[in-house]
Amino acid sequence: MIRHKNLLIAYRLFFALLGFSALITEIVILIERGKFNPVNFLSFFTVESNILVVVTFLLSALAVAVGKPRKFDALRSATTVYIIIVGVGFSFLLSGLEGVALTAVPWDNTVLHYLIPVAVLVDFLIDRPRRVMSFVKSLLWLLFPVVYLIYSLVRGAIIGWYPYPFLNPATHDYGSTAFTVTCLLVFGVILVWLANKFAVPTRKR
């Protein structure tokens with residue numbers, strides 16, 4: 001039991017450090033190239049979700065260390081949904097566009113879009129969170145991606161810059177953009193349902 005606990009802590013700390021190092025590397029390289037725009041950088045769902053992963057891994061590792069492993073279960077479930085959207089969304093919508101400045105360093109692209117999503121999914125499966133709320137209430141997790149999409153579309157229309165090509169009506173007509181956004185949200189609903197289904201039911205007292 002102690003060995004399992006220590007391995008879980010080490011696993012989360014390792015991938016928290018890996019994700020953090022990839023994000024920092026991106027910032028450093030962009031600054032060196034004179035292309036770092038902090039607002040634009042933080043406007044990528046990939047960046048926001050990976051920051052959440054780093055924080056969640058650190059907090060959940062600490063929770064296991066102090067004997068409260070279930071403390072951040074809801075956060076772990078929600079973060080899993082977000083980062084899987086990143087991984088699957090990138091693979092289907094952006095995997096052929098690595099050269100369009102999605103990441104400054106190819107290795108960071110691999111870490112942020114592939115390794116971290118897989119690591120989070122594995123973490124979810126080997127230490128399944130407790131089901132802390134119903135599926136309907138769990139849909140509140142999608143407020144974050146919904147607000148993100150609204151922010152990206154509104155800001156993009158104002159400044160003429162979009163974090164991802166599929167959000168840009170100038171390159172993809174409004175119908176295509178709306179269809180893509182709808183598909184992503186439906187996928188998010190499916191992920192929330194799966195996260196809730198595979199969570200360990202809380203025992204009734």
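## Details of the overall build of the protein
The number of helices and strands found in the protein is eight helices and two strands. When the helices and strands of the protein are listed from N to C terminus, the series reads α-α-α-α-α-β-α-α-α-β. What you see for the protein is a C-alpha radius of gyration of 18 Å, in line with the 17 Å of a compact globule of 205 residues. When burial is assessed residue by residue, the protein has 43% of its 205 residues classed as buried. For the protein, contacts bridging at least 24 residues in sequence account for 78% of all contacts bridging at least 6. Here the protein has roughly 11300 Å² of accessible surface; of this, 72% comes from carbon and sulfur atoms. Of the side chains in the protein, 18 bear a positive and 9 a negative charge, and the two mean positions are spaced by 18 Å.

## Overview of the side chain of Arg76
Note on placement: Arg76 falls in helix 4 (residues 73–93). Looking at Arg76, the relative accessible area reads 3%, which means it is buried. Not counting chain neighbours up to four residues away, the residues in contact with Arg76 comprise Arg12, Thr56, Ser60, Arg70, Asp123, Phe124, Asp127, Arg128 and Pro129.

## Regarding the nonpolar core
Of all hydrophobic cores here, the largest spans 44 residues; its most connected members are Phe45, Val81, Ile83, Ile116, Trp141, Tyr164 and Leu167. Of all elements in the fold, only helix 1 (2–32), helix 3 (45–65), helix 4, helix 5 (106–126), helix 7 (143–159) and helix 8 (174–198) reach the threshold of two or more residues within this core. Ranked by residue count, the leading element in this core is helix 4, at eight residues.

## Some remarks on the packing of helix 3 against helix 5
Closest axis-to-axis distance for the helix 3/helix 5 pair is 11 Å, and the angle between their directions is 40°. When the axes of helix 3 and helix 5 are compared, the pair comes out oblique. The interaxial crossing formed by helix 3 with helix 5 has left-handed handedness. Together, Thr46, Asn50, Val53 and Phe57 of helix 3 and Leu112, His113, Ile116, Ala119, Val120 and Asp123 of helix 5 make up the contact between the two elements. In terms of residue class, the contact of helix 3 with helix 5 is built from six nonpolar, three polar and one charged.

## Regarding the confidence of the model for the protein
On average, the protein scores 91 in pLDDT, and the residues at 70 or more come to 94%. Considering each helix and strand of the protein separately, the mean pLDDT is smallest for strand 2 (residues 200–201), with a value of 86, and largest for helix 3, with 97.

## Section: the side chain of Asp108
Position of Asp108 relative to the elements: it lies in helix 5. One buried charged residue, Asp108, forms no salt bridge at all, with the nearest opposite charge on Arg33 at 8.8 Å. In contact with Asp108, other than residues within four places in its own chain, are Ala22, Thr25 and Glu26.

Parameters and conventions
- In every chain, residue numbers begin from 1 and rise along the written sequence.
- In view of the model being predicted, local features appear only for residues whose pLDDT reaches at least 70, and side-chain atom pairs are presented and counted only at 80 or more, with totals across whole chains, interfaces and linings using the full set of residues.
- In computing side-chain properties, one takes all heavy atoms of the structure into account and sets aside hydrogens as well as water.
- A run of H or I in DSSP becomes a helix once it reaches four residues, and a run of E becomes a strand once it reaches two; helices and strands are each numbered from the N terminus.
- In this treatment the radius of gyration is a C-alpha quantity, and the globule benchmark scales as 2.2 Å times the residue count to the 0.38 power.
- Using a 1.4 Å probe on the protein chains alone, a residue whose accessible area is under 20% of its type maximum counts as buried, one over 50% counts as exposed, and one in between counts as partly exposed.
- Should any heavy atoms of two residues lie within 4.5 Å, those residues are counted as being in contact.
- Only the protein chains shown count as covering a residue, and every accessible area follows the Shrake-Rupley method with a 1.4 Å probe.
- Only four residue types enter the charge count: Lys and Arg as positive, Asp and Glu as negative, with His and the chain ends excluded.
- A charged residue contributes its charge at one atom only: NZ of Lys, CZ of Arg, CG of Asp or CD of Glu.
- We call a set of buried Ala, Val, Leu, Ile, Met, Phe, Trp, Tyr and Cys residues a nonpolar core when their side-chain atoms join them within 4.5 Å.
- Orientation is described by axes fitted as lines to C-alpha atoms, over the contacting stretch for helices, and by angles from 0 to 180 degrees between their N-to-C directions.
- By definition in this entry, angles of less than 35 degrees are roughly parallel, angles greater than 145 are roughly antiparallel, angles of 65 to 115 are roughly perpendicular, and the rest are oblique.
- Note: crossing handedness is left-handed where the near helix turns anticlockwise from the far helix by less than a right angle, and right-handed where it turns clockwise.
- For this scheme, ten residues count as nonpolar: Ala, Val, Leu, Ile, Met, Phe, Trp, Tyr, Cys and Pro. Four count as charged, namely Asp, Glu, Lys and Arg, and the remainder, Gly too, count as polar.
- For every residue, the predictor assigns a confidence score, pLDDT, that lies between 0 and 100.
- In what follows, salt bridge is the name for a side-chain nitrogen of Lys or Arg lying within 4 Å of a carboxyl oxygen of Asp or Glu.

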